[in-house]
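Coordinate analysis (summary)
As a plain string of letters, each chain reads:
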Amino acid sequence: MRNQFYLFFLLVLFIFSCQPTAQKTANRGTLAKNGLVSSSHPLASEVGVNILKKGGNAADATVATFFALSVVYPVAGNIAGSAFVVYRLKDGQIGSIDGREKAPAKAHRDMFLDKDGNVIKDLSLLGHLAVGVPGSVDAMVEMHKKFGKLAWKDVIQPAIELANNGFKLTKREAESLNRAKEQFKKINSYSLHVVREDRSWQEGDLIFYKDLAKALERIRDSGRDGFYKGETAELIAKEMEKGKGIITKEDLANYKAVWRTPVTTAYKDCKIISMPPPSSGGIALLQLMQGSENYPFTKWGQLNSQTIHTMTELERRVYADRATHLGDPDFYKVPSEMLLNPEYNKKRNASISPVQKTLSSAIKEGNVKSIESVETTHFSVVDKEGNAFSITTTLNSYFGSKVMVEGGGFFLNNEMDDFSVKAGVANQFGAIGGEANAIIANKRMLSSMTPTIVEKNGKLLMVVGSPGGTTIITTVYQVMLNVLAHKMTMQEAVNAKRFHHQWQPDIILMEKGAIPDSVKTRLQNMGHIISEIGGLGKVDAILRLPNGMYEGASDLNRSDGAALGY
Ligand code: GLY
């Protein structure tokens, strides 16, 4: 009997000693002790975690995951788009890098208008003129130079291998390639290898990116010059000439990512650290968090009519500020101090009524029918020392401008549409803008990307962000409140249904099935117009638990993402 008990004890010990350090538990996402990467593709998360296991730090893993996403998630992952990174190091130092695209030197204010001053449909969205000078690769090079521990070539190599060896498409990826097929054919003057003529792409099909592998090898071998000069720059310039685009080799050679000081504010006992302009996301998020301090959301509950009414009233005021005051700080004096002054926000929010939506003759109903093609991607990385990187990267629409550089194998962004192409005219997200975000040569277009880190009592608490165009800000806002006010786990906070208001159009976008009819009726009685939408955002986030473990949460109901750790 004693022997049996001893054997049983040994068996239990053996089972526990074999437990991986990363695991999933009910209601929680992936738990890990030593490091975690949460991204929109399992293969990219795996690349990042392998880099951590090899002794790389969170910066190395961020760069490796970024390049892996450019291969396995080309709908938004990129080498010819933009990237914003907010970091918090183990010693509490914070910073950010801005790898946002710039308008080419030949760009001008009215470049998307006809002779009568009307916006030419789709010109800022599809094809070569829609492309901004890419910034993401330079941001990665700079970041690795400053923080990287492993060799540059070692953090890019896994992406090259994925591109050369191929990988299997998920159902969603096959569908997005099929959906874009006709546009790929219309926009490009040659046959793209991602266009299948024999049949549609299907889940499980193997896909290769051989030209992209060569472009990545040039970046591996020559750093920023491997993209902004030499063969890749030649290929981009040639592609531009072919399609009547205006980016030149000089535009590429002159591009520089910029280190910027993050915006910060207090929310209860937390410090929120986010991306400064040219992102609108950080300032808008911080305004929302300041406004939220004064309401009993915890008591009201998450999808309660009073909560939704109050949060969307806060959002309407913040997005009105966004439209007027936010743009590239190198070209426009953004009144950041005023917008982040708690007194300013308090006064501005004082007009919120608890029973009625604020009437405003300046608010007109817009007509955004769908926010489907908002393909940006966010990922979050932490390492065992507690360094945290929050990064959002984008081509803007899915597959950007739909232009794939001939011989380069990568898509070009369509970020010019993030400028206000004409004052007061809505862009693809239904967002309007004015002078602050008007097109000027070499200026950066306004973004909503909101990579964010939360600190509590001087310690790392959360790393969070999302794609979704203008809906990024409200998605990040809700996920944060879900944890901070509604006491959800990271995974519950990410899974929870979402809603969005951006002032114009004057509607609440509500995820399908989010609220029962009774809540809907109460909101309608307050004057709100509600429109249903399939999904809002795709969050990849990490929470540091009180016991020091990390909980990674990917948006499993809205994407193919994966939070992996060890
Ligand atoms: N293109 C999406 C954003 O930067 O907000």
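Here, every reference points to the structure presented above.
Below, the structure is looked at part by part. (Residues numbered from 1 in each chain as written. Predicted model: local features only at pLDDT ≥ 70, side-chain atom pairs only at ≥ 80, totals over all residues. Heavy atoms only, no water.)

1. What to know about the site of the ligand
Near the ligand the following residues occur: R100, T376, T394, N396, E415, D418, S447, S448 and M449. Contact distances for the ligand include 2.7 Å between an oxygen atom and a backbone N or O atom of S448. Calculation on the ligand without its partners gives an accessible area of 200 Å², and the protein chains cover 99% of this total. (Near = heavy atom within 4 Å. Polar contact = N/O pair within 3.5 Å; in protein donor to acceptor, adjacent residues only side chain to side chain. Areas by Shrake-Rupley, 256 points an atom, 1.4 Å probe, with all protein chains shown as cover.)

2. Considerations on the pattern of salt bridges
Evaluation of the coordinates by the stated rule reveals 38 salt bridges. With its nearest N and O atoms 3.1 Å apart, the salt bridge here joins R109 to E435. Taken together, the residues span a long stretch of sequence, with R109 in the loop between β5 (94–99) and α4 (136–147) and E435 in the loop between β12 (388–394) and β13 (452–456) at a distance of 326 residues. One continuous salt-bridge network, built from bridges that share partners, spans D138, E142, K145, R224 and K256. (Salt bridge = Lys/Arg side-chain N within 4 Å of Asp/Glu carboxyl O. Helix = DSSP H or I, 4+ residues; strand = E, 2+ residues; numbered from the N terminus.)

3. A short note on the environment of G48
Tracing the sequence through the fold places G48 in helix α2 (residues 42–53). On the basis of relative accessible area, G48 is assigned to the buried category, the value being 0%. Between the C-alpha atom of G48 and that of E337, which follows or precedes it by 289 residues, the distance is 37 Å. (Buried < 20%, exposed > 50% of the residue type's maximum accessible area, 1.4 Å probe, protein only.)

4. Some words on helix α13 (residues 305–325)
For α13, which comprises 21 residues, the first-to-last C-alpha distance of 30 Å matches the rise-based estimate of 30 Å (1.5 Å per residue) to within 8%. Two or three places before Q306, at the start of α13, stands the capping residue N304, its side-chain oxygen 2.6 Å from that residue's backbone nitrogen. (Expected span 1.5 Å × (residues − 1).)

5. As for helix α5 (residues 152–165)
The end-to-end C-alpha distance of α5 is 21 Å, a good match for the 20 Å that 14 residues give at a rise of 1.5 Å each. The principal kink in α5, of about 25°, is found at P158. Among the residues making up α5, those that are buried are W152, V155, I156, P158, A159, I160, L162 and A163. Where α5 is buried, its residues meet α2, α3 (58–72), α4, β6 (167–168) and α7 (210–222). Just downstream of α5 lies G166, where phi reads positive at about 80°. (Bend = angle between axes of the 7 residues up to and from the residue. Contact = heavy atoms within 4.5 Å.)

6. A few points about unusual backbone geometry
For residues other than glycine, phi is negative in most cases, and the peptide bonds are mostly trans. For the bond from P277 to P278, the omega torsion is 15°, close enough to zero to count as cis. Counting through the fold element by element, P278 comes out in the loop between β10 (270–274) and α11 (281–292). Following Q504, the chain continues into P505 via a peptide bond in cis, with omega recorded as -5°. Structurally, P505 is set in the loop between β15 (499–500) and β16 (508–511). The phi torsion at D122 lies on the positive side, around 70°, for a residue other than glycine. Summarising the element assignment, D122 is placed in the loop between β5 and α4. The phi torsion at N396 lies on the positive side, around 85°, for a residue other than glycine. Take N396: it is sitting in the loop between β12 and β13.

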